[in-house]
Structures are given as structure tokens and as C-alpha cells.
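# Descriptive structure summary
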Amino acid sequence: MEKYIPIIERLKREEKDILIFTHENPDGDGIGSMIALYLFLKKIGKNVVMAMKDDVPYVYNFLPKVDEIKKLPINHKFSVAILVDASSRKRAGTQIQSHELIRIDHHIGGEFESIYDYVDDYSPSTTAVVTEILRNWDESLIDKEIATCLYTGLITDTGSFKYNNTTSKTFEIAKFLTEKGADPFYISKMVFERNKVNVLMLLQKTLSTLELYNDGKIAVLTVFRDFLNQTNTLEEDTEGFVNFARSIESVKVAIIMIQKEDLKTWRVSLRGKGDVDVQEIAKYFGGGGHKDAAGCRIMGEYEKVKESLVDKVSQKLENLQLINV
Ligand SMILES: [Mn+2]
């Protein structure tokens, strides 16, 4: 399968220090890509550091070498920095210093950083992109630890092979990683089956906010800051909550609004079901993502922000109906 991938030649040449970093509010794909690449580059003797702004979310604490992840910002200028699983350096949520920046990603419409960028927006996860790079570099160096990180991103970004980014290629990658030592049962258990009771309490509160619009085609959930305080949970614990809204039969677009510490900024996640391109909606509000999973941040009063989101989704739904006539 030998394929010419410029970033491989670029990194082979690098003799100074390399930083690998991912987005804030990191997910399984961002962290998985970062650690896998770190382990591989370390194995071939590169001087490499991995770092991100936030702590490792609880569900990913089983991944190898999480204790070696440094905190951003780092007061040092790296020779080259590799941004994984993010459409722009802004998504890091903090400053990074490097002479050169390269992106490895699968988001649609991201920023071009370097001729060595390796972005495949057809790829189900960034770990799938990283898998392709490492297979073409030296397949024999992909060990159980690296495979575990790569497999984790694959299942978290495809909803365990349920989303419409899942193709035969996804299973081919999963097969390859399983053969390299990733344990599907163990990884799923660690990521999805270690809920804390207080997280279920948070879910209970969040589900009580459920509102439906447009004949049930739009569902909105809200996580108020109070909910986190009352249940002693963290923002990261809301991961996946939006899927409960998405699972309603009539729903075409599910929205979750998470109130940030300042109480006036809302982190919004949008999920589609193949009808509405939610990435376009997120983009309108200054965010981004994929056709069925996207996000943005909006500042403003709760009801107004919610109304503007619902309005925008309604418009998209109306356009859809026009097309279908
Ligand atoms: Mn991803």
C-alpha cells in the first residue's frame, strides 16, 4: 500500500524538537491521535512532546502514557508543531510557539497551515488518518499501545461504527488495529462503561430540559452551570448527552447548549441524522465540524441564543422540504 505522504518525509528530516497538540475539550480522537503519533515518533528516536490545554478526561485515563501529556501553554519555541484533529490552531484554546505548524485532520474546510498538512475529510477519524500515515511509514512499529490509541479515536468518532462516516474502510482499519493488539471489548468498556453515579444525575437534570421544536424535528438540551455544581461533575461529563436528543425518532437535528463558567458563553454541539448539514449551521455561528456532528460557541442571553439556533435550523429544514417537493 506504499503511498507517498509528504509529512512522513518532513518528519523523518526533523532533528530538533517536535510538539504534538490537540484541541481544547479534547475527545478520544484528539487524544488518541496525539498519543499514537507521540509513541511512534519516540520509538524512532525523535525528540517529541505532547501537550494540550485541558486535563485528560476521565474516560480516556486508561490510554497509555497519559501521564506524559504536558499542559499548554508551554514557554518554549518548538521546531515543528503538529496539530491533530482540529481545523485550526485556534481550536487549541491557547498559544503555541513553533517555527512550523502542520495539521493532521479530518474536518471539513479547515485552515491550510503547511504544504505538509495531511487532511482527509472523508476519513471517519483523525486516528484513521494517523493509521494511514504510520502504515506507510513503518507498519511493523505499530504496537499494542499505539493500536489501542488509534482504535479509541475510531470508535469515539464513529459512535462505535454507527454514524454515517462508517464505511467498509472503517472496518478494514479496525481489523488492522485489532490485529496489531487493540482489544475492542476492553477499549469499549473503558470508554463507555465506567459511568459515575453523579454523571447519571447530571444526565437526569439535562434530560429534564428537553425541548422540541418544528413538529419534533429539532431537539434542544441544556446544561446549566448550576447542574455541574449541584452534581459535582465537569463539563467533560456531558460528552455524548446530545445523542439522547438525537435518538428521538422525529428528530432531524439535536442541539445541546452547555453554559460556560462566565455564564454568558454557550458551547453548542449539533448532531444531524443525514438530512441537515449541521456543519453549515455551526459555521454560520463561527464554528465547524462535519455534516452530522459540529459545534460552535455563542455568547449571549440563553433564550436569545437558543432562538437564533432554532431559527437557523428551521431555515435549513425548510430548504430541505423545498428540495424534496
Ligand atoms: Mn475527530
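This one's a predicted model, so the numbers in the text were calculated from it and none came from an experiment. (Residues numbered from 1 in each chain as written. Predicted model: local features only at pLDDT ≥ 70, side-chain atom pairs only at ≥ 80, totals over all residues. Heavy atoms only, no water.)

Along the protein, the regular secondary structure elements total 11 helices and 12 strands. For 325 residues, the compact-globule estimate of 2.2 N^0.38 gives 20 Å, and the protein sits close to it at 20 Å. Projecting the C-alpha coordinates of the protein onto the three principal axes gives extents of approximately 55 × 45 × 40 Å. Counting only residues that meet the buried cut, the protein has 54% of its 325 residues in that class. (Helix = DSSP H or I, 4+ residues; strand = E, 2+ residues; numbered from the N terminus. Rg over C-alpha atoms; globule rule 2.2 N^0.38 Å. Buried < 20%, exposed > 50% of the residue type's maximum accessible area, 1.4 Å probe, protein only.)

Turning our eyes to something else, we now look at the packing of aromatic side chains. Scanning the entire structure with this criterion turns up 9 aromatic pairs. When the centroid spacing of 5.1 Å and the interplanar angle of 35° are considered together, the rings of tryptophan 266 and tyrosine 302 count as tilted. Of this pair, tryptophan 266 sits in strand E10 (residues 265–272) while tyrosine 302 sits in helix H11 (residues 302–324), placing them 36 residues apart in sequence. For tryptophan 266, a relative accessible area of 1% gives the class buried. One residue, arginine 194, lies across the ring of tyrosine 58, its end atom 4.8 Å from the ring centre. For the cation-ring pair, lysine 312 lies above tyrosine 284, with the distance from its terminal atom to the ring centre recorded as 3.9 Å. (Phe/Tyr/Trp six-rings, centres within 6.5 Å; stacked < 30°, edge-to-face > 60°. Lys NZ or Arg CZ within 6 Å of the ring centre and 35° of its normal.)

Counting buried positions along strand E5 (residues 98–105) yields 6 of 8 residues, so the element is predominantly enclosed. As paired strands, E5 and strand E6 (residues 118–119) are joined by 2 bridges and run parallel to one another. Across the sheet, aspartate 105 pairs through a bridge with valine 119, a residue of E6. (Pairing = 2+ DSSP bridges.)

What follows is about the packing of helix H4 (residues 144–157) against helix H5 (residues 168–179). Relative placement of two packed helices is described by the angle separating their axes and the distance separating the axes. H5 packs onto H4 with a crossing angle of 155° between their chain directions and a minimal axis gap of 9 Å. Comparing the axis directions of H4 and H5 gives the class roughly antiparallel. Helix-helix and strand crossings are classified by hand; for H4 and H5 the assignment is left-handed. Contacts from Ala147, Leu150, Tyr151 and Leu154 of H4 reach H5 at Thr170, Ile173, Ala174, Leu177 and Thr178. The residue makeup of the contact of H4 with H5, split by class, is 7 nonpolar, 2 polar and no charged. (Axes fitted to C-alpha atoms, helices over the stretch in contact; angles between N-to-C directions. Parallel < 35°, antiparallel > 145°, perpendicular 65-115°, else oblique. Left-handed = near helix turned anticlockwise from the far one by under 90°. Contact = heavy atoms within 4.5 Å. Nonpolar A, V, L, I, M, F, W, Y, C, P; charged D, E, K, R; others polar.)

Counting 53 residues, the largest nonpolar core has Ile20 and Ile133 as the members making the most contacts within it. It is helix H2 (residues 28–43) that contributes the most residues to this core, 9 residues altogether. Apart from the residues within four sequence positions on either side, isoleucine 20 is in contact with Met34, Leu37, Tyr38, Leu41, Val48, Val49, Met50, Ala51, Ile82 and Val84. Ile255, Val276, Val278 and Val310 belong to the second largest nonpolar core, which has 22 residues in total. (Core = buried A, V, L, I, M, F, W, Y, C linked by side-chain atoms within 4.5 Å.)

What follows concerns the coordination of the manganese ion. Coordination of the manganese ion by the protein is provided by Asp29 (OD), Asp85 (OD), His106 (NE2) and Asp157 (OD), with metal-donor distances spanning 2.2 to 2.4 Å. Mapped onto the polypeptide sequence, the residues donating to the manganese ion form the spacing pattern D-x55-D-x20-H-x50-D. Of the two residues, histidine 106 is situated in the loop between E5 and E6 and aspartate 157 in helix H4; the sequence distance between them amounts to 51 residues. The residues histidine 106 and aspartate 157 share a single accessibility class, namely buried. (Donors = N, O, S within 2.8 Å, 3.2 Å for Na, K, Ca; no water.)

Next up on the list: the sheet that holds strand E1 (residues 17–22). Two pairing modes exist for strands in a sheet, parallel and antiparallel, and in both the strands are linked by backbone hydrogen bonds. Overall, parallel pairing links the 6 strands, which are arranged E3-E2-E1-E4-E5-E6 in an open sheet. At either margin of the open sheet sits one strand with a lone partner, and together these are strand E3 (70–71) and E6. Bridge count for strand E2 (residues 47–52) against E3 is 2 bridges, and the pairing is parallel. Pairing of methionine 52 across the sheet is with lysine 71, part of E3. Strands E1, E2, strand E4 (78–84) and E5 of the sheet are contacted by H2, whose axis makes an angle of about 165° with E2.

Domain annotation for the protein reports domain 1 (6–192) and domain 2 (197–324). The C-alpha centroid of domain 2 is placed 26 Å from the C-alpha centroid of domain 1. The interface is formed by 9 residues belonging to domain 1 together with 12 residues belonging to domain 2. For the domain 1 and domain 2 pair, buried surface summed over both sides reaches about 920 Å², with 41% attributable to carbon and sulfur atoms. Applying the counting rule to domain 1 against domain 2 returns 1 salt bridge. Glutamate 24 serves as the salt-bridge partner of arginine 297, at 3.8 Å between the closest nitrogen and oxygen. Our count for the domain 1 to domain 2 interface comes out at 3 residue pairs in polar contact (both at pLDDT 80 or more). The residue makeup of the side of domain 1 that touches domain 2, split by class, is 4 nonpolar, 4 polar and 1 charged. (Domains from an automatic or database assignment. Buried area = accessible area lost by both parts, 1.4 Å probe. Salt bridge = Lys/Arg side-chain N within 4 Å of Asp/Glu carboxyl O. Polar contact = N/O pair within 3.5 Å; in protein donor to acceptor, adjacent residues only side chain to side chain.)

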